[in-house]
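Observations on the model geometry
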Amino acid sequence: MVHLSTIPKEDEISNGLDIPLTPALKKVHLQLANDDDRFTTSVYGSRFAAADLPRHEMPEDEMPKEVAYRMIKDELSLDGNPMLNLASFVTTYMEEEAEKLMTECLPKNFIDYEEYPQSADIQNRCVSMIGRLFNAPVKDSEASSAVGTSTVGSSEAIMLAVLAMKKRWKNKRIAEGKPHDNPNLIMSSAVQVCWEKATRYFEVEEKLVYCTPERYVIDPKETVDLVDENTIGICCILGSTYTGEYEDVKAVNDLLVEKGLNTPIHVDAASGGFVAPFVVPDLEWDFRLERVVSINVSGHKYGLVYPGVGWVVWRSAEYLPQELVFNINYLGADQASFTLNFSKGASQVIGQYYQLIRLGKHGYRAIMSNLTRTADYLSESLAALGFIIMSKKSGEGLPLVAFRLKEDPDRSYDEFALAHQLRVRGWVVPAYTMAPNTNGLKMLRIVVREDFSRNRCDSLINDVRLCQGVLEQMDKETIKKQQEYIHKNHTASGKASHNHPKYRVSAATRSCAVFSALIVTPIKRDMLTMDYRRKNTRCRVRRGRRTLSAESSPSRSDSGSDAGSEYDSASDSDIDAYSKEDREGTDLEREECPLCRSASEVERKEEDEAIRNSGSATDDRTLVHRERHSQLDDRLTSSPVAPMAAKTAYNHLTLSRHCGRKVMARGRKQCQGKGAGQTFSLELPDGKKLLTLRIGA
């Protein structure tokens, strides 16, 4: 949440929240030179070098341009080195001539086609070159020819593509006189976050094809099997964010053709669009496939341009509904506009054109070939160090290396500890968990970019070996304390204070999310997949919100801290006994249940209304699950106890709606000590605990 910042209060500023010097030091008075600046000395001899830079309010007076430049540059020097940031796909090197050209174009507002017609024409040239690179059909009829535009990145390109697919599907449904209020989009659970944004912002249901511990991309058959009349399209990724693997677009296309389905395919080629055509030109993933209707690509990734520029191309104008394109004339001439934003600089588009004509196909092929060779070399070297390689080699995926440690119960460190240790050496190598439903698989990823030479690769390999040696000499407790210290004091996310409190992820929020994923989400899943209790439909859980009250009681301890999660449950016999009781319908006291005595629709509506009201005013102690919009399916725990306990929770929660019996999710918060963290337990009315979840601080 770097972009959402809170404006500090006056007392926070005066209390020294963001002031680097302590009040005690500011009270010290010395007999020092206090002459007016004549600016004959250096920047550091001026009064500005001895004063705080403005942080919260504009200063009343100006400062010399040389001083402003130097002061800001000094602050920016505390940023990391972009060339050592191996987490990002974004370009970090361009030739000096390209930089000069882009700098000269900074004042140009690209959207003003009338004022800057040549810049607009250069964009059209780029669209034409990229469209032909993707084998876009070129026909005599202008209406049948491919169409495309530039964007500020693949995120905007994907938003535009989703809008086009949704509008086209909606128009078709309206013409057929069918409902058009429940569109869905099929995609992998390993998609980049912009796809989740697109579905949520534009109210499209996600249909996810989950990865497995052995498969990190979509399964074509499973993907096509999810298609229904409300499917607006299928997303296929040419270069997964997690492992760089290409999804089998051709297999999805062929299955759609075989089944006679006209479902459109959008290819997210954000990373692979400028790699695959040069490294594996025979791979069919683009407009050569008849169901592929649109493709996006990032110019600021392997398009070799500084951020941000992206491109989106449609097979023909029929796949871009006319009503999405706006025609304006208040910039001096009639022009069409299909963007999410309006004004933007022309520099990145000019930079893309420079690279396309400067390098040509031969230059791009040479660069991508070198990156592939370097990635293969790095992959083999890491395998020799004992790592498990998860990414593809020899051009079957992006030029990156995804890897993880081998399973070893005696090893005292994990992938996150190794990433932190590499950070000490200056390298930014991200450690993260794999996509949902992969049993929390941990991994690291190194992106090989244009400026990642063989020599730099050897330096990284040596540092990986060095960091492993350091970690192997440390015990678990030392590594744990070191990670906590690094996260709190060294990483930007750990010490960030700029995020607005409303959007800051707290420990309590994480606890609630995990608890809800563990208990509530399996309830939803069982409801959707089981035809439960057909004989008495009034006993089913009604759709809507599920609210579990959580009661907090503080407790403290004196020593240590315990991160992580622990699970314990009632004995199998208790769970089986209660499940049997539920199945046989014994001890349900139906004769005393008001819902059983009355089957009137009015009472059922009143009950639903009461539940909605109870969930509308929630506080920090209430866990609320919204069935349709919950994204927590992706975070199911791999605890062996979870499936059985969650199923029992589902059965009993059903009864609680029917007979007034309650399942309480009791919460206990401990701020310090060995047991620091939060504990949630799911309890039956007789006090038996079905499941306890403890989440460390």
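Our structure's up above, just so we're on the same page.
The structure displayed is predicted, hence computed values, not measured ones.

**Things to note about the pattern of salt bridges**
Pairs may arise between side chains of opposite charge once their charged atoms sit close together. Considering all chains together, one arrives at 18 salt bridges under this definition. Salt-bridge contacts for Glu-229 lead to Arg-173; the nearest nitrogen and oxygen are separated by 3.4 Å. Here Arg-173 lies in helix α6 (residues 154-175) and Glu-229 lies in the loop between α8 (220-225) and β4 (231-237), a separation of 56 residues in the sequence. You can call Arg-173 buried: its relative accessible area is 4%. Arg-291 is the salt-bridge partner of Glu-290, the closest N and O atoms lying 3.1 Å from each other. Taking relative accessible area as the criterion, Glu-290 reaches 47% and is therefore assigned partly exposed.

**What about the packing of helix α4 (residues 96-104) against helix α11 (residues 347-384)?**
Look at α4 against α11: their axes get within 8 Å of each other, and the N-to-C directions meet at 150°. Taken together, the axis directions place α4 and α11 in an arrangement best described as roughly antiparallel. Relative to α11, α4 is oriented so that their crossing is right-handed. Contact with α4, carried on its side by Glu-97, Ala-98, Leu-101 and Met-102, involves Ser-347, Gln-348, Ile-350, Gly-351 and Tyr-354 of α11 and no other residues of that element. Here the contact of α4 with α11 is composed, by residue class, of 5 nonpolar, 3 polar and 1 charged.

**A short note on the sheet that holds strand β6 (residues 292-298)**
Here 7 strands make up an open sheet; going across it, the order is β1-β7-β6-β5-β4-β2-β3 and the pairing mixed. Each having just a single partner strand, β1 (147-151) and β3 (205-209) make up the two edges of the open sheet. Taken pair by pair, the neighbouring strands of this sheet meet at an average axis angle of 20°, ignoring direction. Note: β6 against strand β7 (residues 310-314), 5 bridges, orientation antiparallel. When the sheet's bridge partners are listed, Asn-296 is paired in β7 with Val-312. With respect to the sheet, helix α5 (residues 117-133) is in contact with β1, β6 and β7, its orientation differing from that of β7 by roughly 65°. On top of the sheet, helix α9 (residues 249-259) reaches β4, β5 (265-268) and β6; it is set at about 180° to β5, its chief contact.

**Quick look at unusual backbone geometry**
If a residue is not glycine, its phi is most likely negative; likewise, a peptide bond is most likely trans. Of note, the amide linkage connecting Pro-307 to Gly-308 takes the cis form, showing an omega dihedral of 0°. Its location among the elements puts Gly-308 in the loop between β6 and β7. A positive phi angle is found at Ser-394, which is not glycine, with a value near 55°. As for its position among the elements, Ser-394 is in the loop between β10 (388-389) and β11 (400-404). Although it is not a glycine, Asn-439 sits at a positive phi angle of roughly 60°.

**Section: the environment of Lys-259**
Of note, Lys-259 is situated in helix α9. Between the alpha carbons of Lys-259 and Val-224 there is a distance of 9.1 Å; along the sequence they are 35 residues apart. Once you skip the residues sitting within four places of it in the chain, Lys-259 turns out to touch Val-224 and Asp-225.

**Some points on the side chain of Ser-294**
Here Ser-294 shows up in strand β6. With sequence-adjacent residues up to four places away left out, Ser-294 is seen in contact with Ala-161, Ile-265, His-266, Val-267, Phe-287, Val-313 and Trp-314.

**A few points about a negative patch on the surface**
A cluster of like negative charges, contributed by Glu-10, Glu-57, Glu-60, Asp-61 and Glu-62, occupies part of the molecular surface. Tracing the sequence through the fold places Asp-61 in the loop between α2 (23-26) and α3 (65-76).

**Notes on the pairing of β5**
A regular strand carries its side chains on alternate faces of the sheet. Neither face of β5 is open: one carries Ile-265 and Val-267, the other His-266 and Asp-268, and all of them are buried. Note: β4 against β5, 4 bridges, orientation parallel. By the bridge assignment, Cys-236 is partnered in β5 with Val-267. Running through α9, the crossover from β4 to the neighbouring parallel element β5 is right-handed. Bridging between β5 and β6 involves 4 bridges; their strand directions are parallel.

**Points about the nonpolar core**
Membership of the largest hydrophobic core comes to 97 residues, with the highest contact counts inside it found for Val-267, Phe-274, Trp-285, Met-368, Leu-378 and Leu-460. Dropping the residues within four chain positions of it, Val-267 is found in contact with Cys-236, Leu-238, Val-249, Trp-285, Val-292, Ser-294, Ile-295 and Asn-296. Core analysis: the next-biggest nonpolar cluster, separate from the first, contains 18 residues, Val-162, Met-165, Phe-202 and Cys-235 among them.

**Some points on the sheet that holds strand β13 (residues 442-447)**
The sheet built from 4 strands is open, its strands ordered β10-β11-β13-β12 with antiparallel pairing. At either margin of the open sheet sits one strand with a lone partner, and together these are β10 and β12 (431-433). Bridging between β12 and β13 involves 3 bridges; their strand directions are antiparallel. The residue bridging Ala-431 from the neighbouring strand is Leu-444, located in β13. In the packing of helix α12 (residues 415-424) onto the sheet, the strands contacted are β11, β12 and β13, and the crossing angle to β13 comes to about 35°.

**Things to note about the state of the cysteines**
Using the criterion set out here, one finds 0 disulfides in the structure. Looking at the unpaired Cys-194, the closest cysteine sulfur is the one in Cys-235, lying at 8.3 Å. Of the residues examined, Cys-194 reaches a relative accessible area of 4% and is grouped as buried.

**What to know about the packing of α5 against α11**
Interaxial distance between α5 and α11 falls to 9 Å at its minimum, and their mutual angle equals 50°. The pairing of α5 with α11 is recorded here as oblique in orientation. Helix-helix and strand crossings are classified by hand; for α5 and α11 the assignment is left-handed. Of the residues in α11, those touching α5 at Ser-119, Ile-122, Gln-123, Arg-125, Cys-126 and Met-129 are Val-349, Ile-350, Gln-352, Tyr-353, Leu-356 and Ile-357. Residue composition of the contact of α5 with α11, by class: 8 nonpolar, 3 polar and 1 charged.

How each quantity is defined
Residues numbered from 1 in each chain as written. Predicted model: local features only at pLDDT ≥ 70, side-chain atom pairs only at ≥ 80, totals over all residues. Heavy atoms only, no water. Salt bridge = Lys/Arg side-chain N within 4 Å of Asp/Glu carboxyl O. Helix = DSSP H or I, 4+ residues; strand = E, 2+ residues; numbered from the N terminus. Buried < 20%, exposed > 50% of the residue type's maximum accessible area, 1.4 Å probe, protein only. Axes fitted to C-alpha atoms, helices over the stretch in contact; angles between N-to-C directions. Parallel < 35°, antiparallel > 145°, perpendicular 65-115°, else oblique. Left-handed = near helix turned anticlockwise from the far one by under 90°. Contact = heavy atoms within 4.5 Å. Nonpolar A, V, L, I, M, F, W, Y, C, P; charged D, E, K, R; others polar. Pairing = 2+ DSSP bridges. Patch = residues over 30% accessible without salt bridge, like charges linked within 9 Å, V, L, I, M, F, W, Y side chains within 5 Å. Areas by Shrake-Rupley, 256 points an atom, 1.4 Å probe, with all protein chains shown as cover. Lys, Arg positive; Asp, Glu negative; His and termini not counted. Charge placed at Lys NZ, Arg CZ, Asp CG, Glu CD. Right-handed = clockwise from strand over helix to strand, strands pointing away. Core = buried A, V, L, I, M, F, W, Y, C linked by side-chain atoms within 4.5 Å. Disulfide = S-S within 2.5 Å.

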